[in-house]
Amino acid sequence: DFLRWCQTVGVTLSGKVYLSKEGTVAERGMLAKDDIEEGETLFCIPRTALLSQDTTRVKDVLREGNGSLESKSGWVPLLLALMWEYTSPESHWRPYLSLWPDFKLLDHPMFWSKDERDSLLQGTGVPEAVDTDLSNIEKEYSSIVLPFMRSHPDLWCPEKHTLELYKSLVAFVMAYSFQEPLDDEEDDECDPNPPMMVPVADMLNHVSNHNANLEYTPDLLKMVSVRHIAAGEEIFNTYGQMANWQLLHMYGFTEPYPNNSNDTADIQMSSIYKAAVQVMCSEEQQQQHLLLEKWSLLTEMEMVGEKGAFIFGWTGSLTDTELYTTLKILCMPAEAFAEFKENEGWEEVEENEEEKIGLALSNKGIPKLPAAWRQVLHSATCFTLDSYSGSLAVDSALLEKQSAYSLLGSREKNALHVCYGQKMILHQLLEMTRG
Ligand SMILES: C[S@@+](CC[C@H](N)C(=O)[O-])C[C@H]1O[C@@H](n2cnc3c(N)ncnc32)[C@H](O)[C@@H]1O
């Protein structure tokens, strides 16, 4: 049904690929029938086949109500469109949406119990992100969606379009929608484009080492190979440069350790402050006062924030400027700090400063940092590693014991890959900052 529908709406598929439920990493996916060279178009989807707030049957109503549908996520119009299309027998996208008779296969942590999230994922950043999502979803549904549905009883009704359905559709949008990138010139001024559903492109699974990429043209979207793909290989799109905790949060899966080259671990900014106190203050009141003053200045400069984190990947720091400035100021002698404040910043900014900072905080550069900087980073890394300890129902060591690993459920396996990857990145940092 779906493939017939694809033909009628003008989707074109290269003869070298096919959709399959076998031979893929997860449920449906796309496989290569023949060898494919770099730059070949694998399929095209005309813009008229996309399901968005601008193409849905209820687009006029959504456009009229636009002002009252604004939200932090910007997803409400698409979600209202999906609620209508998903429950209407006459929907143009019926053969597409019928691929999901229910949303039971979505296993995002938002469908786990809070206990499960907290025990399996503590320290990873996922429980906090999910708590925020759940509270936003409920607020959005009761304060924006319900009043809007009540003022259009011919199209929606709360008995059919429940909070439960809304939540499932949020997870569906998280895992299946696409967001067209803004043009370079638009980047700074505009809100991001709203999400949209892209049939066929959303059948592709993701890996960090992907072999295809979606391109946007005025009339159509096309999937293009980015390297040679051998016959029999799966076609993998990229959902973006995603760490395992982000993949689990948004898509409900992880890339098994150590495959995710985009994996990251966070060090809370507050841990750096705590580490600086430990390394530099010992008992001295005066030093503590100075550190507090330095931290206030860093906050004013928007280099640090209460809930912020410094991010580390396999190749070093990914938040170079913030981390460099923070370490430099925290470890500065009192006289230099006084001078710094007086000059309201660095005396001179060198031309290739950014590149130099990046190099200094890469795997090669970190061991050469001044001793005090390394000590602060080292202590903060220890604090972060402590925050996982005892909180995991599954121990990272399980990953090394194949027989025990194979007995775990998929949630535990995913939790393990998130934690293990983060811990390994932190252990690498620990090694690099050792005195
Ligand atoms: C855009 S859909 C891809 C199509 C999906 N396989 C299907 O059958 O509908 C995204 C979902 O596919 C699954 N997925 C994608 N890439 C994966 C991977 N590398 N490993 C495991 N599951 C993956 C996850 O369940 C994710 O939420």
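Owing to the predicted nature of the structure, the values given are computational and were not obtained by experimental measurement. (Residues numbered from 1 in each chain as written. Predicted model: local features only at pLDDT ≥ 70, side-chain atom pairs only at ≥ 80, totals over all residues.)

Visitor: Sorry, what's going on with the site of the ligand here?
Guide: Near the ligand, the surroundings consist of 16 residues, among which A26, E27, R28, A175 and N205 are the closest. Mapped by element, the contributors of at least two residues to the shell around the ligand are α7 (163-176) and β7 (205-206). (Near = placed C-beta within 6 Å. Helix = DSSP H or I, 4+ residues; strand = E, 2+ residues; numbered from the N terminus.)

Visitor: Can you help me understand the sheet that holds strand β10 (residues 234-237) in this one?
Guide: By way of backbone hydrogen bonds, the strands of a sheet pair with one another, either parallel or antiparallel. One open sheet holds the four strands; their spatial order is β2-β3-β10-β7, and the pairing between them is mixed. Since the sheet does not close on itself, it has two edges, and those belong to β2 (17-20) and β7, each with one partner. (Pairing = 2+ DSSP bridges.)

Visitor: Where do I start with the packing of helix α14 (residues 371-386) against helix α16 (residues 410-433) in this structure?
Guide: Relative orientation and spacing of two packed helices are given, respectively, by the angle between their axes and the distance between those axes. Close contact between α14 and α16 brings their axes to 9 Å; oriented N to C, the two are set at 150°. The angle between α14 and α16 places the two elements in the roughly antiparallel class. For α14 against α16, the interelement crossing comes out left-handed. Contacts between α14 and α16 involve R374, L377, H378, T381, T384 and L385 from the former and K423, L426, L429, L430 and T433 from the latter. Of the residues belonging to the contact of α14 with α16, the class tally is five nonpolar, four polar and two charged. (Axes fitted to C-alpha atoms, helices over the stretch in contact; angles between N-to-C directions. Parallel < 35°, antiparallel > 145°, perpendicular 65-115°, else oblique. Left-handed = near helix turned anticlockwise from the far one by under 90°. Contact = placed C-beta atoms within 7 Å. Nonpolar A, V, L, I, M, F, W, Y, C, P; charged D, E, K, R; others polar.)

Visitor: Mind showing me how you'd approach unusual backbone geometry here?
Guide: One can expect most non-glycine residues to show negative phi and most peptide bonds to be in trans. Each neighbour pair has its own omega, and for Y257 with P258 the value is 5°, a cis peptide bond. Summarising the element assignment, P258 is placed in the loop between α8 (244-251) and β11 (264-268). If you check the backbone angles, E27 has positive phi at about 50° while not being a glycine. With respect to the helices and strands, the residue E27 is situated in the loop between β2 and β3 (29-32). Taking the C-beta count within 10 Å as the criterion, E27 has 11 such neighbours and is therefore assigned exposed. (Buried ≥ 20, exposed ≤ 12 C-beta atoms within 10 Å, placed from the backbone.)

Visitor: I would appreciate a short explanation of the confidence of the model for the protein chain in the present structure.
Guide: In regions of low pLDDT, the predicted coordinates are not meant to be interpreted in detail. Summarising the model, the protein chain shows a mean pLDDT of 93, and 95% of its residues fall at 70 or more. Listed scores for the predicted complex are pTM 0.95 and ipTM 1.00. (pLDDT = per-residue confidence, 0-100.)

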